[in-house]
Amino acid sequence: MLIWIICAAVFIGLLIRNPYFFQDVHFLITLFRVRLRVSRYRERNYSILDRFLDVVKTQPHKPFVLFKDETYSYQDADKLSNKVARALLDSGAVTEGDTAALLVGNEPVFLWLWLGLLKLGCPVAFLNYNMKSQSLLHCFHCSGAKALIAAEEYKDTVEEILPHVLEQSVRVFILADQCQTSGMESFRDKVNQASTEPLPSGVRSHFTLLSPAVYIYTSGTTGLPKAAVMTHLRIMSMTTGLALMGITSSDVIYTTLPLYHAAGFMGFTATIERGMTFVLRNKFSASNFWEDCRKFNVTVIQYIGEIMRYLCNTPKKDSDRCHKVRLAMGNGIRAEVWREFLNRFGNIQIKEFYGATEGNLAIHNYVCKIGAVGRVNFLHKKAFPYAVIKYDHAKDEPLRDSSGFCIEAAKGEPGLMVIQITQRAPFIGYARDLKQTEKKKLHDVFKKGDVYFNTGDMLCISKDNFIYFHDRIGDTFRWKGENVATNEVSDVINVADGIKEANVYGVHVPGHEGKAGMAAVLLKDGEKFDCIGVFKHLEKFLPAYARPRFIRIQNSLEITGTFKYMKVKLVEEGFDPNKITDPLYFLDEREGKYIPLTQEIFSSVITGKMKL
Ligand SMILES: *[C@@H]1O[C@H](CO)[C@@H](O)[C@H](O)[C@H]1NC(C)=O
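Rules used throughout
- Residues numbered from 1 in each chain as written.
- Predicted model: local features only at pLDDT ≥ 70, side-chain atom pairs only at ≥ 80, totals over all residues.
- Heavy atoms only, no water.
- UniProt positions renumbered as here; feature names shortened; annotations may be inferred.
- Near = heavy atom within 4 Å.
- Areas by Shrake-Rupley, 256 points an atom, 1.4 Å probe, with all protein chains shown as cover.
- Domains from an automatic or database assignment.
- Contact = heavy atoms within 4.5 Å.
- Buried area = accessible area lost by both parts, 1.4 Å probe.
- Salt bridge = Lys/Arg side-chain N within 4 Å of Asp/Glu carboxyl O.
- Helix = DSSP H or I, 4+ residues; strand = E, 2+ residues; numbered from the N terminus.
- Nonpolar A, V, L, I, M, F, W, Y, C, P; charged D, E, K, R; others polar.
- Core = buried A, V, L, I, M, F, W, Y, C linked by side-chain atoms within 4.5 Å.
- Buried < 20%, exposed > 50% of the residue type's maximum accessible area, 1.4 Å probe, protein only.
- Expected span 1.5 Å × (residues − 1).
- Pairing = 2+ DSSP bridges.
- Axes fitted to C-alpha atoms, helices over the stretch in contact; angles between N-to-C directions.
- Parallel < 35°, antiparallel > 145°, perpendicular 65-115°, else oblique.
- Left-handed = near helix turned anticlockwise from the far one by under 90°.

Under the annotation held in an unreviewed UniProt entry, the protein carries the name long-chain-fatty-acid--CoA ligase and is attributed to Myripristis murdjan. Under the Subcellular location (unreviewed entry) heading, UniProt states for the protein: "Cell membrane". The record held by UniProt for the protein lists under Sequence similarities (unreviewed entry) the comment "Belongs to the ATP-dependent AMP-binding enzyme family."

J.: Help me understand the site of the ligand in this model?
T.: In the vicinity of the ligand, the contacting residues are K295, N297 and K324. If the ligand stood free it would expose 360 Å²; the protein chains cover 29% of that surface.

J.: Looking at this structure, I do not really get the domain arrangement of the protein. What am I missing?
T.: Interface size is commonly expressed as the accessible surface area that is lost when the partners come together. Considered domain by domain, the protein is made up of domain 1 (21–47 + 232–471), domain 2 (74–207) and domain 3 (476–606). Look at where the C-alpha atoms of domain 1 and domain 3 centre, and you get two points 31 Å apart. On the domain 3 side, the residues contacting the 14 residues of domain 1 number 13 residues. Taking both partners together, domain 1 and domain 3 bury about 1,000 Å²; carbon and sulfur atoms supply 37% of that area. When the buried area of domain 1 at its contact with domain 3 is split by residue, E306, R309 and R334 rank highest and sum to 40% of it. Our count for the domain 1 to domain 3 interface comes out at three salt bridges. No other element matches the four residues that helix 12 (residues 305–313) contributes to the side of domain 1 that touches domain 3. Classifying every residue of the side of domain 1 that touches domain 3 gives five nonpolar, four polar and five charged.

J.: What am I meant to see in the nonpolar core here?
T.: Within the largest apolar cluster, 144 residues are counted, with the highest numbers of intra-cluster contacts made by W114 and F550. If you tally residues by element for this core, the top one is helix 5 (residues 108–119), at eight residues. If we skip the residues at most four places from it in the chain, F550 touches V507, V509, A516, G517, M518, A519, F575, Y585, F586, L597, V605 and L612. Counting 27 residues, the second largest nonpolar core, distinct from the first, contains L66, L257, F345 and I348.

J.: Looking at this structure, I do not really get the pattern of salt bridges. What am I missing?
T.: A pair can form between side chains of opposite charge whenever their charged atoms are brought close. Under the criterion given, the structure shown has 26 salt bridges. R552 is the salt-bridge partner of E573, the closest N and O atoms lying 2.8 Å from each other. Here E573, found in helix 18 (residues 563–573), pairs with R552, found in strand 28 (residues 550–554); they are 21 residues apart in sequence, far enough to count as distant. By relative accessible area, which is 6% here, R552 ends up buried. In the salt-bridge network here, residues are joined through shared partners; they are R309, R334, E336 and E513.

J.: Could you clarify how one ought to interpret helix 4 (residues 74–91) in this entry?
T.: Think of an α-helix as turning once every 3.6 residues; residues three or four places apart then point the same way. In this model, helix 4 (18 residues) spans 26 Å end to end at C-alpha, consistent with the 26 Å of a helix rising 1.5 Å per residue. When we look at burial in helix 4, the residues that qualify are Y74, A77, D78, S81, N82, K83, V84, A85, A87, L88 and S91. Once helix 4 ends, the next one or two residues include G92, with phi positive near 75 degrees.

J.: Which parts of the structure should I look at to understand the sheet that holds strand 6 (residues 171–175)?
T.: Sheet strands pair by backbone hydrogen bonding; their relative direction is either parallel or antiparallel. With mixed pairing, seven strands are arranged side by side in an open sheet as 7-6-5-3-4-8-9. Looking at which strands have only one partner, the edges of the open sheet turn out to be strand 7 (184–186) and strand 9 (226–231). On average, adjacent strands in this sheet sit at an angle of 25 degrees to one another, irrespective of strand direction. Bridging between strand 6 and strand 7 involves three bridges; their strand directions are parallel. Note that in strand 7 the partner of F173 across the bridge is E185. Against the sheet, helix 6 (residues 133–143) makes contact with strand 3 (100–103), strand 4 (124–126), strand 5 (147–151), strand 8 (212–218) and strand 9, and its axis sits at roughly 155 degrees relative to strand 8, the strand it touches most.

J.: Can you walk me through the packing of helix 3 (residues 48–58) against helix 10 (residues 262–274) in this structure?
T.: For any two helices packed against each other, one specifies the inter-axial angle together with the distance between the axes. Packing of helix 3 against helix 10 leaves a shortest axis separation of 8 Å and a crossing angle of 50 degrees. Between helix 3 and helix 10, the crossing angle belongs to the class labelled oblique. Between helix 3 and helix 10 the crossing geometry is left-handed. For the pair helix 3 and helix 10, the contacting residues are I48, R51, F52 and V55 in the first and T269, I272 and E273 in the second. Split by residue class, the contact of helix 3 with helix 10 holds four nonpolar, one polar and two charged.

J.: Would you mind showing me how to read the pairing of strand 29 (residues 584–588) here?
T.: The side chains of a regular strand alternate between the sheet's two faces. Extensive coverage of strand 29 is indicated by the burial of five of its five residues. Of the strand pairs in this sheet, strand 28 and strand 29 are connected by three bridges, and their pairing is antiparallel. From the neighbouring strand, I551 faces strand 29, where its bridge partner is Y585. With four bridges connecting them, strand 29 and strand 30 (residues 593–596) associate as antiparallel partners. Residue L587 lies in a different strand from strand 30, and its bridge partner there is Y594. Once strand 29 ends, the chain turns through four residues before running back antiparallel as strand 30, passing G592 with a positive phi of about 70 degrees.

As structure tokens, then:
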């Protein structure tokens, strides 16, 4: 009797100390099962393609991909990807191991192309279709692709870089029935003529789980975009990682995120792994979002912070709670938006996670704590060590103690998130860029010889063990769900007419996720700021999300102290014409030029009247 009372008392004591005890244990059990699944896949050299082919066998007629009014079953997808693979094989453009690059939007053919190339044992580079000219060419080159396959709508974009691509004897295909441009070949006609017969597995006989499967572009936290290498094993572990959120085979998952990003793409691979249904939309639309969810019986949605905010900003409707969505998974939702979303759209579990495309670990907020990106779980952290360490902003490097080791930040204090690189949590790095790969590694963190992945993000662990996102350091910021590399933007501005030098940074705008781009600019002697010319130049060379919203003309760019420090001051000063005496300009997209940033414009921007 006494023993039971003691046990109960200890247990109640534990619960009082940790009210999330059951959820913590549940997470560990799920984690264990997921890891077990990955190690079984690993032993059997079982890839996402094997999984796909098995699901085709077990549930051929189950709806697999829903897009607009089109429904594709697992069997349809199998046949369509066979056709793609056969057309490519017959063209002689690629064989096993050769990379192909895709410049295709969010439409089913993107998926068939990927599956088809997978069947040929070819890695695929997912080009971001917002990219243009130099940036696009850079991305294409770092994949080392032998073929480029582009949707018809991006034909002009491809033509611009065509001479440089052809120099490398790359084959260029356009998803059209015919193509007159020399150097480009039509592809849709060839796919239509190809047979649906399965490919002999001999065409991919050298394949292992450690072969690269996909290259996904990320700016990391510095410099030009880099191609993060995703091996088959990594795809399997990231995909099964989504199972930690509690998705099951009967779920219908809805994504409006671009497939060229890891998050959207993982929604698709998770669909295959669990044998679910994937609802794809070419572009996020706030006004159609819930209508789509109702039409397709969606149960799980994928988000980034912006999506949730836009949904909350739509006019209230009686039908707001009329849907079957039970789970939302993604990242970047702010606490205030989170609360409002739940109030408006009902009891949906929102599960935030934190992880980089090229990173070696994701952390999960599995208890749905509002505002947090993750939760410290003692055993999980033992198996996958990570730490939030003190950071010296003036020197732009982690703070080290007298013996040269890093120092963990106190609870409640923001610091740099670093994740130990181990066999369990490997860091593969970037394609053809050893230097950038090395730059992401931090050595001798707590012990001589240990190596950690440097996330470049400032996080904060609270007293009750929740992890919060604080800020991003380094030379990038996020805007509209995309990473913007400041150096890349300033390189483009620097060669605009009349401009001597530019320094680019991100500024906070109330009511917006991420940071809006701003450039401090020094003009050439005797030159005026060319409002139209500069806009036209940026429009030509940069995707819309990377074009600076604000421009500040300075007489001299301060170069004292570290470059970084100078940015900190500019970021703090922001774009308020009341505080800044330098001329300020605002990007007016409708007018197609920069216009002087007046007091009125400033107030309509900060009150949200003017859309950015
Ligand atoms: C959604 O569910 C309803 C009721 O269960 C069903 O009648 C309808 O066919 C489903 N729609 C789709 C697209 O699966």
